[in-house]
Every structure is written in C-alpha cells, then in structure tokens.
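Structural features, examined
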There are 4 protein chains.
Amino acid sequence: MDYAIRDIRLADKGRERVDWAFQHMQVLKILRDRYEKNKPFKGLRIGCCLHITTETANLMVNIKKAGAQVYLCASNPLSTQDDVAAYLVKKEKISVFGKHGDSRKSYYENIKNVMKRKPHLIVDDGCDLISSFHRDDSLAGNIIGATEETTTGVIRLRSLAKNGLLKFPVIAVNDANTKHFFDNKYGTGQSTIDGILRSTNILVAGMTAVVSGYGWCGRGIAARFRGMGANVIITEVDSLRALEAVMDGYRVMPVSEAAETGDVFITSTGNTSVLTINEMKKMKSGAILGNAGHFNVEIDLAGLRSASRKRKVRECLDEYTFRNGKKIYVLGEGRLVNLACAEGHPSSVMDMSFANQFLALKHLKENRDMTPEVYRVPEDIDKKIAELKLAGMGIRIDKLTAEQKKYVNSWDMGT
Amino acid sequence: MDYAIRDIRLADKGRERVDWAFQHMQVLKILRDRYEKNKPFKGLRIGCCLHITTETANLMVNIKKAGAQVYLCASNPLSTQDDVAAYLVKKEKISVFGKHGDSRKSYYENIKNVMKRKPHLIVDDGCDLISSFHRDDSLAGNIIGATEETTTGVIRLRSLAKNGLLKFPVIAVNDANTKHFFDNKYGTGQSTIDGILRSTNILVAGMTAVVSGYGWCGRGIAARFRGMGANVIITEVDSLRALEAVMDGYRVMPVSEAAETGDVFITSTGNTSVLTINEMKKMKSGAILGNAGHFNVEIDLAGLRSASRKRKVRECLDEYTFRNGKKIYVLGEGRLVNLACAEGHPSSVMDMSFANQFLALKHLKENRDMTPEVYRVPEDIDKKIAELKLAGMGIRIDKLTAEQKKYVNSWDMGT
Amino acid sequence: MDYAIRDIRLADKGRERVDWAFQHMQVLKILRDRYEKNKPFKGLRIGCCLHITTETANLMVNIKKAGAQVYLCASNPLSTQDDVAAYLVKKEKISVFGKHGDSRKSYYENIKNVMKRKPHLIVDDGCDLISSFHRDDSLAGNIIGATEETTTGVIRLRSLAKNGLLKFPVIAVNDANTKHFFDNKYGTGQSTIDGILRSTNILVAGMTAVVSGYGWCGRGIAARFRGMGANVIITEVDSLRALEAVMDGYRVMPVSEAAETGDVFITSTGNTSVLTINEMKKMKSGAILGNAGHFNVEIDLAGLRSASRKRKVRECLDEYTFRNGKKIYVLGEGRLVNLACAEGHPSSVMDMSFANQFLALKHLKENRDMTPEVYRVPEDIDKKIAELKLAGMGIRIDKLTAEQKKYVNSWDMGT
Amino acid sequence: MDYAIRDIRLADKGRERVDWAFQHMQVLKILRDRYEKNKPFKGLRIGCCLHITTETANLMVNIKKAGAQVYLCASNPLSTQDDVAAYLVKKEKISVFGKHGDSRKSYYENIKNVMKRKPHLIVDDGCDLISSFHRDDSLAGNIIGATEETTTGVIRLRSLAKNGLLKFPVIAVNDANTKHFFDNKYGTGQSTIDGILRSTNILVAGMTAVVSGYGWCGRGIAARFRGMGANVIITEVDSLRALEAVMDGYRVMPVSEAAETGDVFITSTGNTSVLTINEMKKMKSGAILGNAGHFNVEIDLAGLRSASRKRKVRECLDEYTFRNGKKIYVLGEGRLVNLACAEGHPSSVMDMSFANQFLALKHLKENRDMTPEVYRVPEDIDKKIAELKLAGMGIRIDKLTAEQKKYVNSWDMGT
C-alpha cells in the first residue's frame, strides 16, 4: 500500500476523533451497516480529493467497507488533519496522500498519485481532481463518473459542460436539499456564532449584530444571534428578502446606516465589497467584523489596512487602529469565520452531505449510460437521506394514506 | 347608477372601517396616488367578483380613481359586509351587487349584473365570474383578460387551459411571492392564533399545540404558537420538511402519537382526513381542534358527530361529548379558523395581494397580445410590490453597486 | 332564596360558558372534588363581592359545594355577565345581587344585601364590601376574616391597618406568587395582544412595538409582541430593569425617542402620564396607543382630546385627528386593553388566583386567633397551588432525595 | 518591588489580551477615568486574592490608578494566566504572586506574601485570604474591611459572623443584583453553550437538551439552548419554578423520565447527585453530560466510573463505555463546563462584578465605622453600576418626572 502522510504514529489519536464524529453521522452509519454486506462497489477503484477531516474519514471508511479500493488526496493542504490521515492508513488500509501544510508542488503530486490508480469513480471538492483528468486524459480511461461537493466546483463543471468539454457525467452534490439547505441554515448559523465566541469571548446578549444578506446563511446566522440575546439588523439588496426580514421582526436598513449602530458585523451575501472603508469610517470604536459568505472578498481588508495600523490581539482576531485612535477588529482575516475560527460544520451536518456523496456514487455505478453532463442529485436520494436522518435520530413520521394520496392527486389535476 | 345592496344608510359606518383598513394598505396608497393622475384605466369597464370587505373596497377605489368604471359582485354571500357595500355605492359611486346572506339565485343574478356591463377586464376570486363568461360568451366580447386571486380558481383555469377552452389570458395572482408567501406565513400564522383566542379565550402559554403540516402555513402557525408560549409538536408526511421542523427545535412525531399529548390541534396540510376518529379517540378530554388548511376536510367531523353528542358552548366553539364523558371541542365547524372565528388576513397582508391585482390588470391592458393562457405575475411586478411595501413602511434598503453587479454576473457565468 | 338579577331565563347559556371556563380551572376542579365530601365550610355564610364572570361562578360553586351558604354581589356593574348570574341563581341556588349596568345606588344596595346575611367570611375585590363593614359594623359581628383580590384593595387595607382601624384579619391574595406572577407575565402578556388584535386586526409582524415599563407585565407583553413578529422597544426609568431589557435583546431608549419610531405603544408602568401630548406630537400618523398598566392615567387622553378631533372607527378603537391631518388611535379609551378590548385573563390564570381565595378562606376558618392585620398568603398554600396546577395539567416533577435535602441544608448553614 | 511570577517576558502578550478585555468593561473604564484624578485610595494598601485573568488585571489597574498600592495573589493556581501576571508586574508595577500550576505550598506562600504588606483593604474570592487573617491576626492591624466575590466565600463569612468571630466588615459582592443576576442568567447561559461547542462541535439544532434546575442559571441555559435550535426539557423540584418553566413553553418532567429522551444534559441545581447512575442507565448511547451548577457533585462520576471504561476522546470530553457497549460522554470531568471547557464569563459580565468590587472598596474606606458584619452591596451602588453600564453601552433611559414621583409616592402610601 502506498501513501504520503506526516506521521503514522498519530493513528490512535486520529481514531478517537473519527469515532467521535461518527457518533453524529447517523445516515452514514445506517448506510455503512446496509452496504457492508452486499458490497455495491466491489471491484471498483474510487479516487477522492477532499478535506482530510474526521467526517471525510468516515465517508472513506463507508466506501471502503462497501467494497471499493479507496485513494484519497487533500483538497486543501491547510485543512489536512495529520492524525486522521494516519488513522486511515494504519487502521483502515486506505491510501492517503497529504500532509498538513503541503507545498503547491506536493499538492499536485498528491493529486497525480490518485490519478495513477486509474479510478472508476471520483469524489471531488473544488474540481481540482476532475480538472486534472481533463487536462491529461491518459489516466481517465476507466472513469464512469464523478461527484462534486461545492458550489465553486459545480460552476467550473457547468462551464466545461456548456463548452462541450465535459468528458464524463458529474453529480452536483451541492444542489441536494439535504446538503445545501442544512449546511447553510443550521450549519453556518451555529458555527458562525461558535467562531465569534472562540475568537473573542464577547457577551452576545445585549449586542447589536448586523447581518448582511438574508439568504439561507443569513437567516441561520440572524436566528442564532437572536437566540443568544443580540438585537439583530439585516441589510439586503433584494426587496422580497428584505420584507421577509422585516416580517421576521428584524430591523432592516442600508448598510451605511447600520454601520453606525452595530457592535458586530457578519457578511453573508456571496458578493464583494459589502463592508468597505466607507462603512468602517462610520463604525463605533470596538466594532467586530467577520465574514460567513464565501472567499474573503466581502470585507474590504485592503482598504482597512491602508487606513490603519494592525496588530493581532487574540488567536483569530486582529485589531486595526485608525489614526484617530478608533479600533476595528476583524475575525479570521476575513475568511469564513466558521472555518477559520471554529471547526466548520458539525459532523451531523456533514453526515447528510456525505450521504449524498455515497448514494450519488452508487447511482453513477448503477446508471452507466449517463451522458457527460452536470446532474442534480436524484430527488429520491434527497428524500431518502432525510428519511434516514430522521430514522437515525429515532424520529418517526406519518405516511400518506391511500385516501390522502388520491385526494392530493385529484386536487393537483384540478378535477 | 345600478346596484343591489342591503341598506345604503350604512355608508358612514362602512367608510370608517374602510378608512381604517386603508391605514395599513401602504402599497395601494402609493399606487392610488401615483395612478390617480394619469388614469391608466380610463375608458375601461372592470368587472369584479370578490369578497365584499374593507380591503376589497380599497382595491375598488384604487381602480375607480385610476379611471375605470367598476362593477362589483360578491364572491361569497356569507362574507359580504353590508356597510362596505353601502359605502362603495354612496360615496364612491361604484355599482355593487351583493347582500350578506344572499340566496344562491341572487348570487348568480349579481354575477349576471356584472356580466351585462360587458367589462374589458375581470378580477375574480374562485373563478365563478370567469366561468360564467365561458358558459355564456355573448357578453365576453370586450374582454382583454382577467386575474384570479385563489389557488382553487387557478386550478379550474389551468384545467380549462389544458383542454384548450380558455378564451382570454388570465394572470394567477395567487402565485406571486408577495401574495402567497406573506398570506401563508404571516397572515395565516397570526390570524389562526387570533381565531383561537377569540373563540376560546384559553391561555396558550403552557399548552401543547400540535400543528399538522409544516408548509408555509404550518411554519407560520408553529412560530406564533411558540411565540405565545406553547410547546409545539409538528406532524408531517414529507421527510425533508419533518427534518426542518426538528432542526427548528420542534418535536416531530406521527399524528397518532401526538394525539395523546396535544391540548390544541391545528391542521394545515391541504389534504383530507388528517384528524380522524382514530386520533380523536386517543385525545385527552378537553382537546381543541381547528383547521387552517383549506376547505373543511382536514378534520373528520362526520366521524366525530356519529360518535358523540354536540352542543355549542361559545360563539365559534362546539363541544362533542363521547359516551364515556370525554369532550372534544371544534373551532368554527372545521372551516378555516382564521376566517370563521376571526377576521381573516390583516389589511397589511391583503395590501400586497391586491396590489398584485391592480398591477396585473395594468399589465393585461398594456399587453393586449397575450394568448389565452394562465400566466404568473411578472417577476418585476412582484419585486416592485415588495419595494413599495418597504417604502410604505418607511424602510430603505441597499442597491447593488456597479462593482457588485459585475462580480455577481461574472460569478453566475462561472468565469 | 333572595336575589336581584336581570333575567333568570339566561341560565342555560350561562351554564355552558361557566362549564367551558371550568375546563381550564384544573386547581379549582381538584379542590372541588376534594372538599365536596368533608365540607370544611359547613355552617358558614360567605359573602363575596367580585366581578360576576364565568370564573367567579366556578369559585362560588366550589365554596358552595364545600358546605357554605354563598352570597354574591358585583364588584363592578360593567363586568357583570347576566347569564352567569342567572345560572348561579337557578342551577346552583346561590344568592346573587347584580345586573349588568346597575346604577351607583343599586350597586350599594347589592352590597347591603350581602351584608345583611351577616357573613362569617368575606371575599372582596377592590375592598368595597370590607370598607362597608368598617363604616357600619352593626352587621360585622360574625366576621372571622376576609380575603382581598387586588393591589388597590390591599393598599386601602394596609392604610386601615396602619391607622389601627382594621377590624378583622385579611389575607392579601394578590401577593401570592401563584396569583400576581402568573397574572402579570402570562395573563396580561397574552390578553394584551388579544385585545389589540380584536380591536384593530392589524398585522403585528413587522411592526415596531414600544412597551413602556419592564416589570412583570411589561416582560410578558414584550415577549408576546416578539413572539408575534414585532420589533420591540422598551422604555424604563429603572436602570437595572433597563439593563435586563437590553440583555434580553430589546432596544431601550427614552420614550421621547421611541415615540418617533413606534407603530404601536403599550404602557405598563403603573405610573401616570407616560405617553403625553409631547410624545404624541412626535409619533407617526397611524400610531396606535393602549394601556396595560392600571387605571387609565398612563396615556394623557385629556391632552390628546384638546389637540385633536375624535371619532370612533371600530369597536374599542378611537381615532384622533390633529389639525395637520396626523392621526393617533387609542384602544379602549386608555383603560386596561385586555379587559376593555378582550376578555381579561384566561380561566387558566384565574384558576390559580381563585384557588388562593379558596384556600385562604379555609386558612382563616382554621386559624381563628389571627389578629386584625393584612397577611400574605401562607407560603405552603402558594406552593400547594403550583403543585395542584401541575398535577391538573398532568405534569410530574422531582422531589428532593434525603441525600439532597441534607446537602442543601448543610450548605445553607455554611458547614 | 517584590513579585513571584512565571516569566516576565510574557508581558506584551498579556497586555494585548488585557486590552481586549477592557474593550468590553465599560463600567470599569468610566470608573477608571473618573477616579484617576482625585485618587480616593491614595495612601492605602490593598491586598487581593483573585483568579489572575485579564478581567482581574483591569480591576487591579483601576485600583492602582485610583491611588492604592496593590498586591495580588492567585485564588486558584489553575486559573492563573502567566502572561497577565507578567503584564501587571512589568507594565503596571503591581506586585503579583502566582504561577500557573503552583503547588499547595506555593499557594499559601503567595497569600502570606500579600498579608505581609499589612493591607488596609482586602478583595477576596473564596475567602482564603480573609480566613488567613483570622487564623493569624498579627498582620491584620490595618484592615478597614474586605469584599468577597463568591457565594462559597460569603457562606464561610456568614458562619464566622454568626459565631461572633468576624474581625472586620465584609461586603458580599456576590449578592449585588448587577453581579449575580447578570452572571447567572446571561454569563452562564452563553458560556455553557460555548463550553459545549468547543468541547464537542455538535450541532445543537434538533437536539433534545435537558436542563436540571430552573433557577437563574437554568433559565439562562435553557433560553440559549432554545436559541440555538434545541428542544428543551426542564427538571425541577420546586413546583413554582416548574410551573414557570411550563408557561415558558418548555416540557417539564422527572429527571428519570427525561433521561430516556435527552441528547445532552446540563445540571444547574446547586445540589448533589442530580444525574446518578440510575439516570445514566436509562440514557441513550451517545448522551452528553455537563455541569453548570457549582463544584462537581451534580453528576455522579464515581458511580459512572465504577460501571464503565473511560477514555478521553477530545480536549475536555471523556467517553465512558458500559459493558453493553453503550457510551456516555462527560464534559470537563463534571466541573463547571463554562470554566473547564470555555473561558468563563465574558468580560462584559465580569465588568459589573468588578465594578461592584471597586465601589464596595470605596464604600468601606468612606465608612470606617462599620461593625464587623457581612453587608450587602448598598443599593445605590447597585443601581449606579447599572446606570454606568447603560451609559457605557451608549443607551439612555427616562427619569421619573416630578409629577410621576409624586404619583408613585402617593400610591405607595395608599392615600
């Protein structure tokens, strides 16, 4: 078995943490039990490019136990957890290529190492592995299809498909309701608060929190801020969303006005330059800024840096002092606050995302005639995962009776 | 001027109430001011079949002041408010045909009276006026198009369209976001609680409330129950919605199990036989049942009646006593609790619905080449109404900057 | 049997409503069952001066079934429900003196009628019956003691006691935790919202609600406003309470500033002139004002009337138009909005209040050596009522183990 | 200058963190500015025994700048932050005695070092410094009085006072409303959630959280759990509190029953053996247990250990595996979860506690005739701190007008 990891002696520590994560991955647990016996992936090689975390480890084990040979490289060297890598190699006999902090060169060598195994199926996060197979298709001969985890990756894939360049079918896991919906509203909602608490230890109760963007992320964040006792202001550019925020009991105003009253500001718009130096100039001294959108473009850090002096005051917290003495604080250098300052989504949320990955792989394997396009996760998989999650939590729900089915159908047809 | 109303001397009282409603119809107010001058409906006759309420009166006045001649008949004789009818006739010179409690015969005579004016545009609620023009098209010659307020009406229209029988274009106002979304979540949410309080005067705090159905209505009702201090249980047949309810902090269980612990039960599924005699047999003595779905089929009243003795204990509240002495209470005979036991949607909610009606009429008039189909409300009208509502509430929001527009566009294209 | 009521033929209707109230008076129900057998009040005459409502009727029946002869007069002619009076006379053989709308003269005659029965125990609401026995003690010879329901009454009694004029012991039911605490926070909280909805039918969601006073009433009202989707502002004069309001996530500001942004204003300070003409001048046109404090002094109606023209627009809702066209709306003429515009406290809340009355009477009867003072309800009665309420709701709680009792005691003693 | 600290080179790092804490200590900031000039403590030596944290550092600086010489020893060697100690010595010239992890012997030497300075005033946390002066009063000659921060310390002091052994007046800072009320409800509420998130990274939304004890801590914890999306169950032994919990919308049940449904359990009763092995046997595998009460006696860890195998799975999280494979997880070894697994109370909360300390010292100095008793913080200090906190947060409130004062007074007197 081949691998490239930091230190195999970390395997025991890795195992404890992977086990803990598995406690809250009820759907993967059910799927693992179910497919360990009939091994749907028997004889297949599956190449994965993912963040090497405890949750990913559990997906890898699921795929392995379902019969596949598994090869894993890191989708980002900064997120690689070396103890998890060690555990996968030592205890689960999975080939892992990735060390925390790997250079750019090593990063691509790791990808190459997975490619060399000529996988039948691919699991990607950010599209780097799939892209590599498109740049050099000498190793792509066995590929049945792939899955992609992220919005960013899906956009790259759609662009390929539009230009007729996509070489195999890809399922966009990100679009599943049981993925993006729970990620955004419940995952980001909680982990943003978590990131703020860990990096500042401020009392949220009594604060005025400004949330820019009232999409699913923004709703989750606003709800959690309110739940912790903050008074919440929403800023929006979409009139319908703004009206919903008003009806949900929040104050809504332009960001330039909110700048004057906020104590803490979180951006979640998915757009650029939401908090610019103009807003910062209006803010109170002591204001805290963080980003829960995507990338690190929502807060204009360049503008801030050019107008102030910077020093680090706590882990994940920088202080910027203006010439007039006013201080602005920025969380995690404007990167995603839940990833940079906390631990990202809880396992329970990743569970549904990765269950989509697992069943999407199975779908690809069972439907070999799919043309090279970007596909949504089939709706029945989406529903099935919600069902399994409920079952895993010990929650039962109703089923439509025959009479009710008939009633609904007649109604839908307008007869 | 022709009309058929109860008592024209009620006009003053009607005016007061219509004025009060107008206080909270900010969008109609803005539209009235805007179109009173250039009179877009000048020279047009507009026939309307709507509930004759204070909110409808304000829509009628808007249309009149925008230049049209207006003819109004009742879409339901039981909802007709005679003072409002008197006000419209006496003060606004609008032809109204409808008395509270009109017979079936009078009901259709009233519709006929509106038809006879050979209207250019039609506003309908339940599709009876439009249907009449389809049964007898001798008076339909001038019709440019129509709008329809309700789900039920739209279903009938889609059926006509599918069979190639629709004679003119109809805009389905019900489908606008600013209509159904606010109606369901905020309107039904509040007015269901209102209906319960008026008909029972029970203390909601400390009660266990069971809400069947976690669609937009159910979410609104659940949120308001929680807001009044109840402990809320959700029952659902859809696994995804059920999982959302769990994540929102509610208990989720089968309705048969919820039946044993609930103090008050509200159905909002849009389906039939949700609370059957089987559930009722499991309920505690004193349980209160109401329906906020549609029609009166969600609670099995026939089953209940056959197993118990009925008496009325308060306005809008019937007591059913089983042979073993157990008592079950039903609100408003299982009809929509917010309409039967309270005053339906607040004016502020109807404002958006009727603003859609008004602008949809204007759209029909300005686009005379529309083929006979069922149309959605154009998206720009929907957005515009949200904007006007915010403006009417004195709330300002942000606009995308040129830089942000560019960023979003580049992103959407994946470049 | 002697009585003075409106119309004995209303008895059946009265019975239905009294039965309905009894459904939610779990503690009275338990006490009724318990004391119907051993009849602790056997041989005693009990004179009561209370609001003649469905809840009072149930207390009367409890006392009667516990062995007493009961005489009831109205504590306020405007709250007398004639059907309830008829029911008590016809079905329960209780002497009732009171007609809805009785004159001042009749009011005192009714009191006199109760006095003439030379009661052993007295139940009072507002202290008029007790005062009458102090003005003319020729009929007071049998009196063992009395109970008083209200703050106002208790203040009058404390004044008597301080001056050495009190002639028999009185238990201040108002001070029991199970009375004032639940009345204020849960009763007033809900019924204030109820009163607003019934008299205006406005959409609370999206409104800015200003609550003056963050005592127990104010907290209840603020919580319910938030629960219905309003954005809530608190005004306070006490810094500690203001700080709690801030930490609870509300905005706090001076009332003069809140005046500019509020849509609806509720006073609950227990003080005078909270909303004066100065605040009203700053308010937006359309602002709605109501009072949930005590009496009708919190809103300066005299000032408002002198600056504007008044007309009634709905039941319980007056419109005041200023010379510049601005309109201000006042609920229930500034009297307690939950009593004037809704039905007062729900039965479930009155249940605990009246259970205190019942057990306080029993306490007086069993402790005949109490000196003429104003007493708190004994703490064990207070706790007992909470226990019975829980039991009546089917809720079980823990008991301290022997080990825990010992631990707590050792701790309290600091050993 | 004398001191005993770990490493003076940590001073810069300490300063950054102390500065950050000061950002949210608005009351200390106002008091520092106010008393830096007239130096009320000039010529006094003040001996302090406190947790050496960033918040304590700010109190020390306040006292120093107000004119005193300050001597600080650690109240617990495990909470000492060495960088903070270094900062106080190097930058603020304050004598500090304490290293993280000091032995029991060093701990008492440090106390002795403070005693030797013969302080005029004492600030204590847990009563060890005050006790030491009682055991050996040769150095107590200058003492004017002392303040005590904790419940535990106050209990020891009350015991001394009761036995006539107390030698100087002590003000019980813990009893101030602005101390215990905000500590418990807002401080413990948030930091308990914080501790859970840091040590588990679980998704709170959708979990069933069981909170034992509905005192101020329990209310805070329950509110925050609900705010994060959990479904909350309360267990109580007090019927009144239990009833409040029911009315607040929570489920209430015996702990033995809650044991079967809970996912996470937090104790906050202040009593012993709340979660015993009997409850643990009923729990689901995966249940997480934590304590937010006092000491570590609420969870029966001895019982748990004897029935299971233990291993550590994450920082601050131990797994106990029963013979049947069931797993129970315990946070921070059953010690206070907010201190053991997070950073304790936020600075904003400690601000009010320490402002009480500061003003209580000033009160002692200005009232030298106080007899040796345990005193409450004077009410005007309590109110003043709430006022300053509001001012520091930029929040203004109303004052009673002359008319209102008169009204309230007349009312209170019942005239």
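Some points on the sheet that holds strand 13 (residues 317-322) of chain D
Residues and elements named next belong to chain D. With respect to topology, eight strands assemble into an open sheet ordered 9-8-7-10-11-14-13-12, the strand pairing being mixed. In the strand order of this sheet, the two ends are held by strand 9 (251-252) and strand 12 (308-314), each with one partner. Relative to strand 9, strand 8 (residues 231-235) runs parallel, the two sharing two bridges. Opposite Ile234, over in strand 9, you have Val252 as the bridge partner.

Some details on the relation of the copies chain A and chain B
When chain A is fitted to chain B, the residual RMSD is 0.0 Å, and the transformation amounts to a turn of 180° plus an axial shift of 0.0 Å. Viewed as a symmetry operation, the transformation between the two copies matches a two-fold axis. Most of the interface of chain A is mirrored in chain B, where 100% of its interface residues again form contacts.

Some details on the interface of chain A and chain B
Counting from both sides, the interface comprises 55 residues of chain A and, opposite them, 55 residues of chain B. A combined buried area of about 5,100 Å² lies between chain A and chain B, and 64% of that area is made up of carbon and sulfur atoms. Remark: the boundary between chain A and chain B carries six salt bridges. The partner of Asp248 of chain B in a salt bridge is Lys185 of chain A, with the nearest N and O atoms 3.8 Å apart. There are 22 residue pairs in polar contact (both at pLDDT 80 or more) connecting chain A and chain B. When contributions to the side of chain A that touches chain B are tallied by element, the ones reaching two or more residues are helix 7 (151-162), helix 8 (177-200), helix 10 (239-247), helix 11 (255-261), helix 16 (379-392) and helix 17 (402-412) of chain A. Broken down by element, the side of chain A that touches chain B gets its largest block of residues, seven residues, from helix 10 of chain A.

Examining the interface of chain D and chain C
Residue-level contacts link 57 residues of chain D with 57 residues of chain C. Around 5,100 Å² of area is buried between chain D and chain C when both sides are counted, 64% of it from carbon and sulfur atoms. If you look at where chain D meets chain C, you find six salt bridges. Between Asp238 of chain D and Lys383 of chain C there is a salt bridge, with its nearest N and O atoms 2.2 Å apart. The interface formed by chain D and chain C includes 22 residue pairs in polar contact (both at pLDDT 80 or more). Where the side of chain D that touches chain C is concerned, the elements lending two or more residues are helix 7 (151-162), helix 8 (177-200), helix 10 (239-247), helix 11 (255-261), helix 16 (379-392) and helix 17 (402-412) of chain D. Sort the elements by how many residues they give to the side of chain D that touches chain C and helix 10 of chain D lands first, with seven residues. The residue inventory of the side of chain D that touches chain C, partitioned by class, reads 28 nonpolar, 14 polar and 15 charged.

Points about helix 5 (residues 104-115) of chain D
All names here are of chain D. Spanning 12 residues, helix 5 covers 17 Å between terminal C-alpha atoms, matching the ideal 16 Å at 1.5 Å per step. All of the buried residues along helix 5 are Tyr107, Asn110, Ile111, Asn113, Val114 and Met115. On the buried face of helix 5, the contacting elements are strand 1 (45-50), strand 2 (69-74), strand 3 (95-97) and helix 6 (128-135).

Considering the packing of helix 1 (residues 11-23) of chain A against helix 4 (residues 82-92) of chain A
Residues and elements named next belong to chain A. Their axes nearest at 7 Å, the elements helix 1 and helix 4 cross at an angle of 100°. The angle between the axes of helix 1 and helix 4 places the two elements in the roughly perpendicular class. Between helix 1, through Ala11, Asp12, Lys13, Gly14, Arg15, Arg17 and Val18, and helix 4, the contact on the second element is made entirely by Asp83, Val84, Ala86, Tyr87, Lys90 and Lys91. Among the residues making up the contact of helix 1 with helix 4, the classes are represented as five nonpolar, one polar and seven charged.

Rules of the game
Residues numbered from 1 in each chain as written. Chains lettered and ligands numbered in written order. Predicted model: local features only at pLDDT ≥ 70, side-chain atom pairs only at ≥ 80, totals over all residues. Heavy atoms only, no water. Pairing = 2+ DSSP bridges. Helix = DSSP H or I, 4+ residues; strand = E, 2+ residues; numbered from the N terminus. Least-squares fit on C-alpha atoms with pLDDT ≥ 70 in both. Contact = heavy atoms within 4.5 Å. Buried area = accessible area lost by both parts, 1.4 Å probe. Salt bridge = Lys/Arg side-chain N within 4 Å of Asp/Glu carboxyl O. Polar contact = N/O pair within 3.5 Å; in protein donor to acceptor, adjacent residues only side chain to side chain. Nonpolar A, V, L, I, M, F, W, Y, C, P; charged D, E, K, R; others polar. Expected span 1.5 Å × (residues − 1). Buried < 20%, exposed > 50% of the residue type's maximum accessible area, 1.4 Å probe, protein only. Axes fitted to C-alpha atoms, helices over the stretch in contact; angles between N-to-C directions. Parallel < 35°, antiparallel > 145°, perpendicular 65-115°, else oblique.

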